[in-house]
Amino acid sequence: MSALEFIAAVLKALAWPLAAVVIALLFRSKILELLSSGMKRLKIGPVEAEWDVRAAVTGVEVEQARSTALPTRPADSRRVEVQTAIDLARERLESGYTDTAVTEAFAAIEQSLLGLLIDAGVGVTQLHVGGAGLAKLAEQKGLITEKTATAIEGLAVLRNLAANTDVGTTMDRATEYLTMTEGVLYAIENPPS
C-alpha cells in the first residue's frame, strides 16, 4: 500500500465521524434545544438511546418509591430501605447483571432523596421528577450541597448510558458506580453543617 492509498483509506474511514462532529459543532445550539425539548429517541450511527422506554420504567420506580416513602415513616426505616436497595444492586452485580446493578443503585439515590424531601415537607406534586430533578429540588431547599447535586446529575447520566445503550457496562465500571453511589448516599444523609 502506497502512502497515497493509505491516506485515502484513512480519510475514507474518518469521513463519517468527521462529518458528524462538524455538523454537531455547526448546529450545537439547535441540538441542545432538541435534547431539552422532550425528544424521546436518538440514533447516531451505531449508538441509539430511547428515553421514552427508560422514562416509563423510571416513572414506575419513582411511583413505587413515592408510595413507600410516607411522611410518617421514621428516617431510620427509610435508611434501611435504601440500604436494602444497595444490597440488591450488589447482588445483581455479583450475578453479572451490571446494567441492572447500576439502575438499582440509582433507584436507591432517588429513594433517599424522596425521603429527604418528604421529611422537609415538600409537596408530593413537586416530586414528579427524575433523580436529577429531585437533586436540584433538594439543593434549592438547602437539603444537599451543590456538589452533591452535581454528583447525582453525573450518576444519572451514567445510569442513562447503562440503561439505554447496547454497549454493556463492565464489571469494574459497575463496581465503581456502586462505590460512587454509596458515597453520594452518605453525602445525602450527612450534609456538612
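The structure displayed is predicted, hence computed values, not measured ones.

1. Comments concerning the side chain of threonine 181
Reasoning step 1: Of note, threonine 181 is situated in helix α8 (residues 171–189).
Reasoning step 2: With relative accessibility at 0%, the residue threonine 181 sits in the buried group.
Reasoning step 3: Discounting chain neighbours no more than four positions away, the residues touching threonine 181 are Ile86, Ala105, Ile109 and Leu155.

2. What to know about the nonpolar core
Reasoning step 1: Residues Ile109, Leu113, Leu117, Leu127, Ile144, Ile152 and Ile188 are the most contacted members of the largest nonpolar core, which totals 34 residues.
Reasoning step 2: Broken down by secondary-structure element, the contributors of at least two residues to this core are α4 (75–94), α5 (98–119), α6 (131–140), α7 (146–164) and α8.
Reasoning step 3: Top element by residues in this core is α5. It accounts for 10 residues.
Reasoning step 4: Beyond its immediate chain neighbours, meaning those up to four positions away, leucine 113 contacts Gly131, Leu134, Ala135, Ala138, Ile144, Ile152 and Ile188.

3. Quick word on the confidence of the model for the protein chain
Reasoning step 1: Considering every residue of the protein chain, the mean pLDDT works out to 78; 77% of them sit at 70 or more.
Reasoning step 2: Mean pLDDT values over the elements of the protein chain span from 52, in helix α3 (residues 51–68), up to 91, in α6.
Reasoning step 3: Across residues 68–72 the pLDDT falls below 50, and counting only partners more than four positions away or on other chains, this stretch makes nine contacts in the model.

4. Structural notes on the environment of leucine 114
Reasoning step 1: Position of leucine 114 among the secondary structure elements: in helix α5.
Reasoning step 2: Overall, the relative accessible area of 0% leaves leucine 114 in the buried class.
Reasoning step 3: Separated by 24 residues in sequence, leucine 114 and alanine 138 have C-alpha atoms that sit 9.1 Å apart.

5. Thoughts on α7
Reasoning step 1: Over its 19 residues, α7 extends 27 Å from the first C-alpha to the last, a length consistent with the 27 Å expected when each residue adds 1.5 Å.
Reasoning step 2: Burial in α7 covers these residues: Thr148, Ala149, Ile152, Leu155, Ala156, Arg159, Ala162 and Asn164. The buried residues of α7 occupy an angular sector of 160° when projected down its axis, which confines them to one face. In α7, the exposed positions angled more than 90 degrees off the buried face are occupied by Glu146 and Lys147.

6. Points about the packing of α5 against α8
In a pair of packed helices, the angle between the axes and the distance between the axes together describe the arrangement.
Reasoning step 1: The contact between α5 and α8 brings their axes to 9 Å, and the two run at 5°. In terms of their interaxial angle, α5 and α8 are classed as roughly parallel. Judged by residue contacts, Thr98, Ala101, Val102, Ala105, Phe106, Ala108, Ile109, Ser112, Leu113 and Leu116 of α5 engage Met171, Ala174, Tyr177, Leu178, Thr181, Val184, Leu185, Ile188 and Glu189 from α8.
Reasoning step 2: Among the residues forming the contact of α5 with α8, the class breakdown is 15 nonpolar, three polar and one charged.

The rules behind the values
- Residues numbered from 1 in each chain as written.
- Predicted model: local features only at pLDDT ≥ 70, side-chain atom pairs only at ≥ 80, totals over all residues.
- Heavy atoms only, no water.
- Helix = DSSP H or I, 4+ residues; strand = E, 2+ residues; numbered from the N terminus.
- Buried < 20%, exposed > 50% of the residue type's maximum accessible area, 1.4 Å probe, protein only.
- Contact = heavy atoms within 4.5 Å.
- Core = buried A, V, L, I, M, F, W, Y, C linked by side-chain atoms within 4.5 Å.
- pLDDT = per-residue confidence, 0-100.
- Expected span 1.5 Å × (residues − 1).
- Arc of directions from axis to C-beta.
- Axes fitted to C-alpha atoms, helices over the stretch in contact; angles between N-to-C directions.
- Parallel < 35°, antiparallel > 145°, perpendicular 65-115°, else oblique.
- Nonpolar A, V, L, I, M, F, W, Y, C, P; charged D, E, K, R; others polar.

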